[in-house]
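Given next are the chains, with one letter for each unit.
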Amino acid sequence: MRTIIEPFKIKAVEPIRMTTRAEREAKLRDAGFNVFLLRAEDVLIDLLTDSGTAAMSSEQWAAVMRGDESYAGSRSWYRFEQAVHEIFGFKHVLPTHQGRAAERILFSVLCQPGHVVPNNTHFDTTRANIEFTGAEARDLVIAEGRIPSARHPFKGNMDVDQLRRLIDEVGRDRIPLCMLTVTNNSGGGQPVSMANVRAVSQVCREHGIPLYIDACRFAENAYFIKLREDGYADRRPIDIARELFSYADGCTMSAKKDGLANIGGLLATNDGRLASKERNLLILTEGFPTYGGMAGRDLDAIAVGLHEALDEDYLVYRIRSTTYLGEHVSRAGVPIVQPPGGHAIYLDAAAFFPQIPPLQLPGQALVVELYREAGIRAVEIGTVMFGRRNAQTGEESPAPMELVRLAIPRRVYTQSHIDYVVEAILQVWERRADVRGYRFIEQAQLLRHFTARFEEARG
Ligand SMILES: *Cc1c(COP(=O)(O)O)cnc(C)c1O
């Protein structure tokens, strides 16, 4: 087989400023060893997130120029609505400024204290918006989805027996909706199979519970179904996506992922009564229902991006380049969450640095080393992000896993950039025995990973 090339030429370039190790050392110290506090210009390869970081195509930039900035009923809105209808098929569409705004509106209308919302794994903003209404967010991913080294083609699947048990336990009346996140972001970007969507949908329909898809990475999920599920090899990604959405009653989506846009989102539903309640909330905080917090030009960029994300040549390259990174580091023995997901590779920092105990933050140590070695910015998903500190005693408790996520922005980096990342990871791997842990010297009560400062742990 030939090399899979980037299915695009480059029309505009954004220079990367090279830095020396000594410069990076100084930047790290200034930033208190927290890469969130670095300036982007001091980063060579930025793998902090795949959200809103995509490169737009020439067609999207042309669409930006077509943007109609009329307050009400703009042409851009109709093009956006049409694209969403063509792909998602839901009757009512509400534009939002990003995914979490769609979540807030949906849950404020549907949820109240005492309610329970099942999902394969709630993304953090989804969970926070559910909990904000007083309802409970319950993760029901299959057992394999909780074990980094376990291999399963659809590790994002929901455990359907657990869903049935939950309905029996709390009663249908306390479950205002069920959700499925495709692909399962918090579970390593792992896909959900069509069979699982169908099974979950059937259980929901038996009990009259609406099913909503968290559709952020619907195109990547559709492509995994094509690759891995019987009966889909010859289907187009758009047809797979349409079938998947046909089993649901609505969706939330961040257009910053598979919308290939830098901002935007949407909420869709087949329920007309719900849609009119949602529209009232939309007007209150987002904007008029034909723009919902976005400029006309954003609506147009998304209308084009949603279709481009389903282009098969793009998806081959997208999934292959993530897998390529995962395969090249794991072949050398580097422990990662298996199999590689759609949008990111997750390094298992606890296994990478067995000499660093969880409370000395092995994930943070790995993030620091990747920047120090090669100017790569990754994100810790471990005790810094999810560990807990007892406010009275100051005692720390570790997170269940110590991961470092390398999220791949869409269409931004080429294979040589990825090769550079592979080399850097392997260089840190070579000298892993000499790396020491970190400790907090400053931290906020909430969401501490964004602003905390650290120092190297002594002994
Ligand atoms: C990014 C994301 C969201 C939230 O979207 P924002 O645009 O960041 O508000 C919700 N769910 C999943 C699965 C996501 O990846």
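As a reminder, the structure under discussion sits directly above these lines.
Residues numbered from 1 in each chain as written. Predicted model: local features only at pLDDT ≥ 70, side-chain atom pairs only at ≥ 80, totals over all residues. Heavy atoms only, no water.

(A) Quick peek at the overall build of the protein. When its secondary structure is counted, the protein shows 16 helices and 16 strands. A compact globule built from 459 residues would reach a C-alpha radius of gyration of about 23 Å, and the protein, at 22 Å, matches this within 12%. For the protein, the C-alpha atoms occupy an extent of roughly 60 × 55 × 45 Å along the three principal directions. Counting all 459 residues of the protein, 56% fall into the buried class. Here the protein displays about 19500 Å² of accessible surface, and carbon together with sulfur accounts for 52% of that area. Here the protein contributes 55 positive and 59 negative side-chain charges, whose respective centroids are spaced 1 Å apart. (Helix = DSSP H or I, 4+ residues; strand = E, 2+ residues; numbered from the N terminus. Rg over C-alpha atoms; globule rule 2.2 N^0.38 Å. Buried < 20%, exposed > 50% of the residue type's maximum accessible area, 1.4 Å probe, protein only. Areas by Shrake-Rupley, 256 points an atom, 1.4 Å probe, with all protein chains shown as cover. Lys, Arg positive; Asp, Glu negative; His and termini not counted. Charge placed at Lys NZ, Arg CZ, Asp CG, Glu CD.)

(B) Structural detail: the sheet that holds strand β9 (residues 344–348). With antiparallel pairing, three strands are arranged side by side in an open sheet as β9-β14-β11. A strand with exactly one partner marks an edge of an open sheet, and here the two such strands are β9 and β11 (379–381). For this sheet, the mean angle separating the axes of adjacent strands, direction not counted, is 30 degrees. For β9 and strand β14 (residues 403–407), the ladder comprises five bridges, and the chain directions are antiparallel. (Pairing = 2+ DSSP bridges. Axes fitted to C-alpha atoms, helices over the stretch in contact; angles between N-to-C directions.)

(C) Looking closely at helix α6 (residues 160–170). Every buried residue of α6 is accounted for by Val160, Leu163, Leu166, Ile167 and Val170. Each buried residue of α6 lies within a common arc of 115 degrees when the element is viewed along its axis, so the set occupies one face. Exposed residues on α6 whose side chains face more than 90 degrees from its buried face are Arg165, Asp168 and Glu169. In the core, the buried residues of α6 are packed alongside β3 (116–119), β4 (136–139), β5 (178–181) and α7 (194–206). You can read the cap of α6 off the contacts: a side-chain oxygen lies 3.1 Å from the backbone nitrogen of Asp161, and it is on Asp159. Phi turns positive, to about 90 degrees, at Gly171, one or two residues after α6. (Arc of directions from axis to C-beta. Contact = heavy atoms within 4.5 Å. Polar contact = N/O pair within 3.5 Å; in protein donor to acceptor, adjacent residues only side chain to side chain.)

(D) Spotlight on the site of the ligand. Surveying the vicinity of the ligand reveals 15 residues, the closest of which are Arg100, Asp214, Arg217, Ser254 and Lys257. At 2.9 Å, a side-chain N or O of Asn185 approaches an oxygen atom of the ligand. With respect to the ligand, the side chain of Asp214 contributes an N or O atom lying 2.8 Å from a nitrogen atom. If the ligand stood free it would expose 380 Å²; the protein chains cover 98% of that surface. For the shell around the ligand, the residue count by class is two nonpolar, seven polar and six charged. (Near = heavy atom within 4 Å. Nonpolar A, V, L, I, M, F, W, Y, C, P; charged D, E, K, R; others polar.)

(E) Broad picture of the pairing of β5. Side chains of β5 alternate between two faces, with Cys178 and Leu180 and Met179 and Thr181 buried alike. Following the chain from β5 across α7 to the adjacent parallel strand β6 (residues 211–214), one finds a crossover that is right-handed. (Right-handed = clockwise from strand over helix to strand, strands pointing away.)

(F) Molecular detail of a nonpolar patch on the surface. Among the surface-exposed residues, Leu446, Leu447 and Phe450 lie close enough to one another that they form a single nonpolar patch of about 350 Å² accessible area. Positionally, Leu447 belongs in the loop between β15 (438–442) and β16 (453–456). Note on Leu447: relative accessible area 58%, which makes it exposed. (Patch = residues over 30% accessible without salt bridge, like charges linked within 9 Å, V, L, I, M, F, W, Y side chains within 5 Å. Salt bridge = Lys/Arg side-chain N within 4 Å of Asp/Glu carboxyl O.)

(G) Inspection of the nonpolar core at higher detail. Counting residues in hydrophobic clusters, the biggest one holds 65 residues, and the most contacted among them are Phe80, Phe88, Val200, Ile213, Phe218, Phe245 and Leu306. When residues are assigned to domains, this core turns out to be shared by domain 1 (21–50 + 312–456) and domain 2 (58–308), each giving three or more. Ignoring any residue separated from it by four or fewer positions in sequence, one finds Ile213 in contact with Met179, Leu180, Val182, Leu244, Phe245, Ala248, Gly250, Cys251 and Thr252. Membership of the second largest hydrophobic core comes to 47 residues, among which are Leu47, Tyr324, Val329 and Val384. (Core = buried A, V, L, I, M, F, W, Y, C linked by side-chain atoms within 4.5 Å. Domains from an automatic or database assignment.)

(H) Just the pattern of salt bridges, in detail. Using the criterion set out here, one finds 37 salt bridges in the structure. A salt bridge links Glu69 to Arg297, with the shortest nitrogen-to-oxygen separation between them at 3.6 Å. Within this pair, whereas Glu69 is found in the loop between α2 (58–66) and α3 (75–88), its partner Arg297 is found in helix α11 (residues 296–308), the two being separated by 228 residues in sequence. One salt-bridge network, held together by shared partners, links Arg21, Glu25, Arg29, Glu369, Arg372, Glu373, Arg431 and Glu456.

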